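Structural overview for review
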Amino acid sequence: MKICVLYDSVTGNTKMLADVIEKKYMGTLTDDPADADVVFLGSWTDKGSFSEKMKEQAEKIHGKKVFIFGTCGFGGSEEYYGKLFERAAGLLDESDEIIGHYYCQGKMPMSVKERYVAMLREHPEDKRMQVSLQNFEEALTHPDQKDLERLSEILDELKLA
Ligand SMILES: Cc1cc2nc3c(=O)[nH]c(=O)nc-3n(C[C@H](O)[C@H](O)[C@H](O)COP(=O)(O)O)c2cc1C
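A brief structural summary.

The rules behind the values
- Along each chain, residues carry numbers from 1 onward, in the same order as the chain's sequence is written.
- The predicted origin of the model limits local features to residues at a pLDDT of at least 70 and limits the giving and counting of side-chain atom pairs to 80 or more, whereas totals for whole chains, interfaces and linings rest on all residues.
- For the side-chain quantities, the full set of heavy atoms in the structure was used; hydrogens and water were omitted.
- When a carboxyl oxygen of Asp or Glu is within 4 Å of a side-chain nitrogen of Lys or Arg, the pair counts as a salt bridge.
- Helix numbering and strand numbering both begin at the N terminus, where a helix is a DSSP run of H or I of at least 4 residues and a strand a DSSP run of E of at least 2.
- Accessible area is worked out with a 1.4 Å probe on protein chains only. A residue is then buried under 20% of its type maximum, exposed over 50%, and partly exposed in between.
- Strands were regarded as paired on the criterion that DSSP finds at least two bridges between them.
- One less than the residue count of a helix, multiplied by 1.5 Å, gives the span that helix is expected to have.
- Pairs of residues are marked as contacts when any of their non-hydrogen atoms sit within 4.5 Å.

As for the pattern of salt bridges
The final tally for this structure, using the stated rule, is eight salt bridges. Salt-bridge contacts for R150 lead to E153; the nearest nitrogen and oxygen are separated by 2.9 Å. Placement of both R150 and E153 in helix α6 (residues 145-158) is noted, with a separation of three residues, approximately one turn of the helix. Judged by relative accessible area, which is 38%, R150 ranks as partly exposed.

Observations concerning the pairing of strand β4 (residues 97-105)
The sheet contact formed by strand β3 (residues 65-72) and β4 spans eight bridges and is parallel. Counterpart to G70 in the pairing with β4 is Y103.

With respect to helix α1 (residues 13-24)
In an α-helix, one turn spans 3.6 residues; hence positions three or four apart end up facing the same way. Taking 1.5 Å per residue, 12 residues should reach 16 Å; α1 reaches 18 Å between its end C-alpha atoms and fits that length. The elements touched by buried residues of α1 are β1 (3-8), β2 (38-44), β3, β4 and α6.

As for the environment of I154
For I154, the position within the fold is in helix α6. On a C-alpha basis, the gap between I154 and H101 in space is 8.5 Å, while along the polypeptide they are 53 residues apart. The residues contacting I154, other than those within four sequence positions of it, are F67, H101 and Y102.

Any functional reading would require information beyond the geometric quantities listed.
If you want it as C-alpha cells, here you go:
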C-alpha cells in the first residue's frame, strides 16, 4: 500500500492536517501520485473551493482511492464542510473512488479582522459583519488538538495501515 499526500497550505493550517496524515503512514509514503494506491488531497478554502493549485492537482488524479481534506475560515457547520467536500469531489472523475473526507476550521489572517472592524465602524448594526467577526475570533484556535485527534480517528477507521 503506497500513499501520496498532496496539499496546498498558505498559512500552515492545512499543513497541520497533512502532518497528521504523513505521520500516520510514515514508511508507505510516495511523492508520486501515479505510484500511489491512495492519494490524500488537501487544500485551504479559496472562495468556497479548493485552491487553484489543488484544483489542477485533483484533475490529474485518475483511477485512485482518494481522501479529501481541508481547512476553512468559516467553522462549526457540518453543512458547510459538506458543501466544500462536494465541490472538491466534483473535481475528480469517475475512475476515482472517494474513501473519506475531513474538514475543520482554520485561523485567518489579521487583515481579515481589520476589514471586518473597519466595516463595523461604518455600519455598527451590520449583523452579518458581527457574525463574521465572532467567527474570526473562534477560528483563531483552529485547527486545535481536538480537530487533529478527530482526523486521526477517521484515518484509523479507514484501516489502510
Ligand atoms: C483569499 C482567501 C480566500 C478565502 N476564502 C474562504 C472561503 O471562501 N471560505 C472559507 O471558509 N474560508 C476562506 N478563507 C480562509 C482560509 O481558507 C482558511 O483560513 C484556511 O484555514 C487557510 O489554510 P492554510 O493555513 O492551509 O493556508 C480564505 C482565505 C483567503 C486568504
